[in-house]
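Summary of structural features
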Amino acid sequence: MKEIVLVLDFGSQYAQLIARRIRELGVYCEIAKHNISLNELSKLSPAAIVLSGGPSSVLEIGHPTIDAKILNYGIPILGICYGMQLLAQLLSGRVEKGKSGEYGPAKIELTDSNDLFSGLGPFLNVWMSHGDQVIDVPEGFKVIARTSTCPAAAMENKAKRIYGLQFHPEVVHTPNGLDILRNFLFRISNCKGGWTMRKFIEESSREIKSRVGDSQVICGLSGGVDSSVVAALLHRAIGKQMKAIFVDNGLLRSRESEEIASIFSHDYPLDIRIVDASKAFLDALKSITDPEQKRKIIGRTFIEIFQKEAVRIKGARFLAQGTLYPDVIESHSAHGGPSATIKSHHNVGGLPEDLGFDLIEPLRYLFKDEVRRLGKELGLPKRLLNRQPFPGPGLAVRILGEVTAKNLAILRQADLIVQAEIAHYVGYQDIWQSFAVLLPVKTVGVMGDERTYANVVALRIVTSLDGMTADWVKVPYDILSRISTRIINEVNGVNRVVYDISSKPPGTIEWE
């Protein structure tokens, strides 16, 4: 049985980041519902458990909790933020609302540098985000870190191997966070590690072969990194049983269809069919302005096209698609946890109930950076793997308002200019996404001594590690100036360009 660490999700947007950090350290990790039963948990035989943070308070009636029997299961447990407070409450410690919350950077003093903090201290810079705090640790526990305002910034019960951290070791703002997690995994939990993308390929291939049998699998190839890696993984696992279908939905960037056809015909040959469905998608989107409706319509149309194509493929029973962890997280609460829905994604939110296929989503619990590493291991070309993320609904969610052929032409041309000019930026390799957004407003301008009343284009250029959080890029003024000048001069129907300087959160990367 493979080694696994479970993160029990209490609704934290960082629960997935905890899992990602653990995987970075070479230990396979999955996220489970916070209320998983001891019986269900024991079937997975985890090496350790991490209780995530969350937006709730243990002082509230009906707050999310765990099966208390898990605390006596005999494996190491680490509670983070809300997770620590829950441990304290369940084990008869005392939790109170703090006189003042701690949000942001803090310095903790270590009172014990063994085990969890081995090799660290005596002071650590950490990232706090809490209003409640543990006032009295439970019997059998001792305080191993504190701040001037938080009497128990960390606690431990060495005999039971149960630990709590009031701060977040998983975020980059806690510089020694990986060291703390490493100590928990290898020093306390005796994990062996060694989980790699090569092992993921081997395990996934076995699972895919077992599930598919002799059936045919249709892979929805959008041309992005995610679906391309899915196609390559299926090709590795089942060969000619996988038929890739690339649907040109008319919502792609300039010359994208031709590029994808070239890559999968020459660089990485697959059994691929190209379907021009641009008219079907545009007709379906006519007069639609609500972003959620757009996503669901695009997802539904996408499936309808596939159902028509499937008739031509004998034995087609499965549909594979490139759903990632962030797609699942933002569409609904991960694994049924109490986190909030951010927005639906066409991969997970637009599928009809009468799908007609069994879904295969082998990347469903991977993050974007892991998918790129997986693609590299599978031998996909760099020009594909290094592409910036592109939303499944394409340019439809970068046109705020109705999607028309005219609006698509304007946005494609503007986006082409953005891509060409931002490539000159010395920090280009650190950019997560750079794109144009067509706004549903018009403004007055002057061109050639004449009054204009034309569209506004917004620029969105961000950095991110995994798409869960992001910050805007301080692009040099000369590059922004060239982009603005070129768009206004070369794109008919635009007379103003603005720059989006909001982060995620509170905004999202895409505007819709």
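Residues numbered from 1 in each chain as written. Predicted model: local features only at pLDDT ≥ 70, side-chain atom pairs only at ≥ 80, totals over all residues. Heavy atoms only, no water.

**Some details on helix α1 (residues 15-24)**
Operational definition: Here's how the labels work: a residue is buried when its accessible area is under 20% of the maximum for its type, exposed when over 50%, partly exposed in between, all with a 1.4 Å probe on protein chains only. Secondary structure elements follow DSSP: runs of H or I no shorter than four residues count as helices, runs of E no shorter than two count as strands, and numbering proceeds from the N terminus.
Within α1, nine of the ten residues are buried, which leaves the element mostly enclosed by the surrounding structure. Within the sequence span of α1, burial applies to Ala15, Gln16, Leu17, Ile18, Ala19, Arg20, Arg21, Ile22 and Arg23. The first or second residue beyond α1 is Gly26, which carries a positive phi of 85 degrees.

**A closer look at the packing of helix α14 (residues 405-422) against helix α15 (residues 477-490)**
To characterise two packed helices, one gives the angle between the axes of the helices and the distance between these axes. Counted only if it meets this: Axes here refer to lines fitted to C-alpha atoms; in helices the fit is confined to the stretch in contact. Angles between the N-to-C directions go from 0 to 180 degrees. Geometric relationships in this document are graded by angle, where less than 35 degrees denotes roughly parallel, more than 145 denotes roughly antiparallel, 65 to 115 denotes roughly perpendicular, and other angles denote oblique. Each crossing is labelled by how the near helix is turned from the far one, with a counterclockwise turn of less than a right angle marking it left-handed and a clockwise turn marking it right-handed. The contact rule is simple, with two residues in contact once any of their heavy atoms fall within 4.5 Å. In this count, Pro and Cys sit with the nonpolar residues alongside Ala, Val, Leu, Ile, Met, Phe, Trp and Tyr, while Asp, Glu, Lys and Arg are called charged and the others, Gly among them, polar.
Put simply, α14 and α15 touch, their axes get as near as 10 Å, and they point 150 degrees apart. Of the possible angle classes, the one that applies to α14 and α15 is roughly antiparallel. For α14 against α15, the interelement crossing comes out right-handed. Seen from α14, the contacting residues are Gln413, Ala414, Ile417, Val418, Ala420, Glu421 and Ile422; seen from α15, they are Ile479, Arg482, Ile483, Arg486, Ile487 and Glu490. Considered class by class, the residues forming the contact of α14 with α15 number eight nonpolar, one polar and four charged.

**Some details on the environment of Ser129**
You can see Ser129 is positioned in strand β6 (residues 123-136). Ser129 gets classed as partly exposed once you look at its relative accessible area, which sits at 34%. Sequence-wise, Ser129 and Gly213 are 84 residues apart; in three dimensions their C-alpha atoms are separated by 48 Å.

**Observations concerning the sheet that holds strand β10 (residues 216-221)**
Sheets are built from strands paired through backbone hydrogen bonds, the pairs being either parallel or antiparallel. The condition is simple: Here a strand pair is declared whenever DSSP counts at least two bridges between the two strands.
Taken together, the five strands give an open sheet; going across it, the order is β12-β11-β10-β13-β14, and neighbouring strands pair in parallel fashion. The open sheet terminates on both sides in strands that have one partner only, identified here as β12 (272-276) and β14 (358-360). Averaged over neighbouring strand pairs, the angle between their axes works out to 30 degrees when direction is ignored. In the sheet, β10 pairs with strand β13 (residues 316-320) via four bridges, with the strands oriented parallel. Bridge pairing links Gln216 to Ala316 in β13. Here helix α6 (residues 225-238) sits on the sheet and contacts β10, β11 (242-248) and β13; the angle it forms with β10, its principal contact strand, is near 160 degrees. Strands in contact with helix α7 (residues 256-267) are β10, β11 and β12; relative to β11, the strand with the most contacts, it is inclined by about 165 degrees.

**What about the packing of aromatic side chains?**
Let me state the cut-off plainly: Aromatic rings from Phe, Tyr and Trp, taking only the six-membered ring of Trp, are treated as a pair when their centres fall within 6.5 Å; an angle between ring planes under 30 degrees marks them as stacked, one over 60 as edge-to-face, and anything in between as tilted.
Scanning the entire structure with this criterion turns up four aromatic pairs. An angle of 80 degrees between the planes, with centres 6.1 Å apart, marks the rings of Trp472 and Tyr499 as edge-to-face. In this pair, Trp472 sits in strand β17 (residues 471-472) while Tyr499 sits in strand β18 (residues 494-499), placing the two residues 27 residues apart along the sequence. With relative accessibility at 22%, the residue Trp472 sits in the partly exposed group. For Tyr499, a relative accessible area of 21% translates into the label partly exposed. Cluster of aromatic residues (ring-pair linked, three or more members): Tyr28, Trp195 and Phe200.

**What about the confidence of the model for the chain?**
The condition that has to hold: The predictor attaches a confidence to each residue, called pLDDT, with possible values from 0 through 100.
Per-residue confidence for the chain gives a mean pLDDT of 87, with 93% of residues at or over 70. Across the chain, element-level confidence peaks in strand β3 (residues 48-51) with a mean pLDDT of 97 and bottoms out in helix α11 (residues 346-349) with 42. Taken together, the stretch residues 332-350 has pLDDT below 50 and engages in 70 contacts with residues farther than four places along the chain or on a different chain.

**Examining the pairing of strand β1 (residues 5-9)**
How we decide: The path from the first strand over the helix to the second decides the hand: if it runs clockwise while the strands point away from the viewer, the crossover is right-handed.
Among the five residues that make up β1, five are buried, leaving the element largely enclosed by the rest of the structure. Burial along β1 is two-sided: Val5, Val7 and Asp9 and Leu6 and Leu8, pointing in opposite directions, are all buried. Pairing geometry for β1 and β3, over four bridges, is parallel. Of the residues in β3, the one forming a bridge with Leu6 is Ile49. In this structure, β1 lies alongside strand β2 (residues 29-33), joined through five bridges in parallel fashion. If you follow Leu6 over to β2, its bridge partner there is Glu30. Taking the sense of rotation as the criterion, the β-α-β connection linking β1, α1 and β2 turns out right-handed.

**Observations concerning the nonpolar core**
For soluble globular proteins, nonpolar side chains are generally found buried alongside one another. Selection rule: Nonpolar cores are built from buried Ala, Val, Leu, Ile, Met, Phe, Trp, Tyr and Cys residues. Side-chain atoms within 4.5 Å join them into one set.
Ranked by internal contacts, the top residues of the largest apolar core, which has 114 residues, are Leu8, Val229, Leu234, Phe264, Leu363, Leu374 and Ile487. The greatest single-element share of this core, amounting to nine residues, is contributed by α6. By size, the runner-up hydrophobic cluster in this structure holds 38 residues, among which are Cys29, Cys81, Phe117 and Ile188.

**Considerations on the environment of Ile80**
Residue position: Ile80 is located in strand β4 (residues 77-80). For the pair Ile80 and Pro175, spaced 95 residues apart in the sequence, the C-alpha separation amounts to 16 Å. Contacts of Ile80, omitting those with residues within four sequence positions, involve Ile18, Val50, Leu51, Ser52, Gly53, Leu165, Phe167, His168, Pro169 and Glu170.

**A look at the pattern of salt bridges**
For clarity, the threshold we go by: The rule for a salt bridge is simple: a side-chain nitrogen of Lys or Arg has to be within 4 Å of a carboxyl oxygen of Asp or Glu.
Scanning all chains against the criterion turns up 29 salt bridges. Residue Glu156 pairs with Lys142 through a salt bridge whose shortest N-O separation is 3.9 Å. With a gap of 14 residues between them, Glu156 in strand β8 (residues 154-157) and Lys142 in strand β7 (residues 142-146) connect regions that are remote in the sequence. You can call Glu156 buried: its relative accessible area is 4%. Each of Arg20, Arg21, Glu24, Asp369 and Arg373 takes part in one network of salt bridges that share partners.

**Some words on the side chain of Ser434**
Within the element layout of this structure, Ser434 appears in strand β15 (residues 433-447). When near neighbours in sequence (up to four residues on either side) are disregarded, Ser434 contacts Gln388, Asp415, Val418, Gln419, Ile422, Arg460 and Ile461.

**Here's the deal with the packing of α6 against helix α12 (residues 368-378)**
It is the contact of α6 with α12, at a shortest axis distance of 10 Å, that shows an interaxial angle of 40 degrees. On the basis of their axis angle, the class for α6 and α12 is oblique. Here the hand of the crossing between α6 and α12 comes out left-handed. Here α6 contributes Val225, Asp226, Val229, Ala232, Leu233 and Arg236 to the contact with α12, which in turn contributes Lys368, Val371, Arg372, Leu374, Gly375, Glu377 and Leu378.

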